[in-house]
Amino acid sequence: MVMREFDKVVNSSNYWCDFESELSIYYHLKWIGEHSINKFISNEMIFFTKYISLCKKYGFAIPLNCNEDNFFDLYQQEINKKKGYDMSAWYLMFRMYTYGKELVYPSKLFIDIKDISFKNIVNIDPISELKHLEVDNVSFAPPLIIELREKQDEIVLTCYIDNDIFNLELDNKKCHDLDYFVDNSGLAYLNTPRFNSFLRDLKKLCFEYCATDFEFENLGLKDFCEDGVMFNGEVVYYEDIENLLEPHQRIPSLFQV
């Protein structure tokens, strides 16, 4: 067996791969028991308003159909359908990401180290931007999925990834003809610490609003841990590298484009 080396390509995002759930990662945040569920339901409007702000701040899984200003109207539409706590939160989350008959989860990513701004990416394999959805077929390969399931005895918010876009190196079916691993470190440096900070703050938000449990589930993705994606065994957060980034690569630029 020939050992493959680690090398650079012109643009590593051309080698990002959707593993179609064969390899995947799940971060489950749970509200278990009547007391916790009732606490969540009684504060769900505030929770979701803060959730929307968090998604927009870091640029991941940004709701399509609402923002902090118009969320009240969406909430009122759903609350009118509510029976007890009959899946109200699930429908709110569903409505946030509905595009036609599909669920779409835009995330702001750098897809080329020469980019002067992020791109609003909805699919990574092949790469497709939000603005192209009218002409492109929607293939279900989003950078990051966030779903909420509500049952009688628990509510579960799941953050789900089945791709390698956040990893330092790529070793997938697209790389096998190259005889070397693909160096994705340039793009990972721009995208991954921001994701790690998003995940950290998402956990904090859920536990602030009475979540009871957190579960990390890894089905074969490399370099993931319960705190996010590791660079050489260490989880790096956006705050750790912010001062090393160019101005257009920092979070404030997300709101200026």
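What counts and what doesn't
- Residues numbered from 1 in each chain as written.
- Predicted model: local features only at pLDDT ≥ 70, side-chain atom pairs only at ≥ 80, totals over all residues.
- Heavy atoms only, no water.
- Helix = DSSP H or I, 4+ residues; strand = E, 2+ residues; numbered from the N terminus.
- Buried < 20%, exposed > 50% of the residue type's maximum accessible area, 1.4 Å probe, protein only.
- Contact = heavy atoms within 4.5 Å.
- Areas by Shrake-Rupley, 256 points an atom, 1.4 Å probe, with all protein chains shown as cover.
- Pairing = 2+ DSSP bridges.
- Axes fitted to C-alpha atoms, helices over the stretch in contact; angles between N-to-C directions.
- Arc of directions from axis to C-beta.
- Core = buried A, V, L, I, M, F, W, Y, C linked by side-chain atoms within 4.5 Å.
- Expected span 1.5 Å × (residues − 1).
- Salt bridge = Lys/Arg side-chain N within 4 Å of Asp/Glu carboxyl O.

A. Structural detail: the overall build of the protein. Regarding its fold elements, the protein presents six helices and 15 strands. The burial tally for the protein puts 49% of its 257 residues in the buried class. In the protein, 71% of the contacts between residues at least 6 apart in sequence involve partners at least 24 apart. As presented, the protein carries roughly 12,700 Å² of accessible surface, and 50% of it is formed by carbon and sulfur atoms.

B. The arrangement of unusual backbone geometry in detail. Put simply, Asp125 and Pro126 share a cis peptide bond, and its omega is 0 degrees. For Pro126, the location among the structural elements is in the loop between strand S6 (119-124) and strand S7 (127-129). Here the phi dihedral of Glu20 falls at roughly 50 degrees; this positive angle occurs in a residue that is not glycine. Its relative accessible area of 54% is what places Glu20 among the exposed residues. Despite not being glycine, Cys210 has its phi angle at roughly 75 degrees, a positive value.

C. Summary view of the sheet that holds strand S14 (residues 228-231). The antiparallel open sheet is built from three strands, whose spatial order is S13-S14-S15. The two strands at the open ends of the sheet, each matched to only one other strand, are strand S13 (224-225) and strand S15 (234-235). Of the pairings in the sheet, the one linking S13 to S14 comprises two bridges and is antiparallel in character. Within S14, the position partnered with Cys225 by the bridge is Gly228. Across the sheet, helix H5 (residues 185-208) is in contact with S14 and S15; its angle to S14 comes to roughly 135 degrees.

D. Seen up close, helix H1 (residues 34-42). Restricting attention to buried positions, one finds in H1 the residues Ser36, Ile37, Phe40 and Ile41. Relative to the axis of H1, the buried residues are bounded by an arc of 130 degrees and lie together on one face. Opposite its buried face, H1 presents the exposed residues Glu34, His35 and Ser42, each directed more than 90 degrees away.

E. Geometry of the nonpolar core. Core analysis: the biggest nonpolar cluster contains 72 residues, and Phe47, Phe48, Tyr51, Met96, Ile146, Phe195 and Phe198 have the highest contact counts within it. In this view, Tyr51 contacts Ala61, Pro63, Met93, Met96, Tyr97, Ile146, Leu202 and Leu205; residues no more than four positions away in its chain are not counted.

F. View of helix H2 (residues 44-58). With 15 residues, H2 should cover 21 Å at 1.5 Å per step; its first-to-last C-alpha distance of 21 Å lies within 8% of that length. Looking only at H2, the buried set comprises Glu44, Phe47, Phe48, Tyr51, Ile52, Leu54, Cys55 and Tyr58. The buried side chains of H2 occupy one side of the element, clustering within an arc of 160 degrees when seen end-on. Just downstream of H2, Gly59 is the residue with a positive phi angle, here 85 degrees.

G. Focus on the environment of Trp16. Summarising the element assignment, Trp16 is placed in the loop between strand S1 (5-7) and strand S2 (24-32). For the pair Trp16 and Lys174, spaced 158 residues apart in sequence, the C-alpha to C-alpha distance is 7.9 Å.

H. A look at the environment of Leu109. Topologically, Leu109 is positioned in strand S5 (residues 107-109). Taking the C-alpha atoms as reference, Leu109 lies 7.8 Å from Gly59; in sequence the two are 50 residues apart. When neighbours within four sequence positions are excluded, Leu109 is seen to be in contact with Trp16, Phe60, Phe118, Lys119, Ile121, Pro143, Ile165, Phe166, Asn191 and Arg194.

I. Structural view of the pattern of salt bridges. Counted by the stated rule, this structure contains 10 salt bridges. Salt-bridge contacts for Lys50 lead to Glu208; the nearest nitrogen and oxygen are separated by 3.3 Å. A residue pair is termed long-range when its members are at least 10 positions apart, and Lys50 in helix H2 and Glu208 in helix H5 qualify at 158 residues. Between Lys222 and Glu169 there is a salt bridge, with its nearest N and O atoms 2.9 Å apart. Taken together, the residues span a long stretch of sequence, with Lys222 in the loop between strand S12 (213-219) and S13 and Glu169 in strand S10 (residues 169-170) at a distance of 53 residues. Relative accessible area serves as the criterion here: at 24%, Glu169 is assigned to the partly exposed category. Connected through shared salt-bridge partners, Arg200, Asp201 and Glu239 make up one network.

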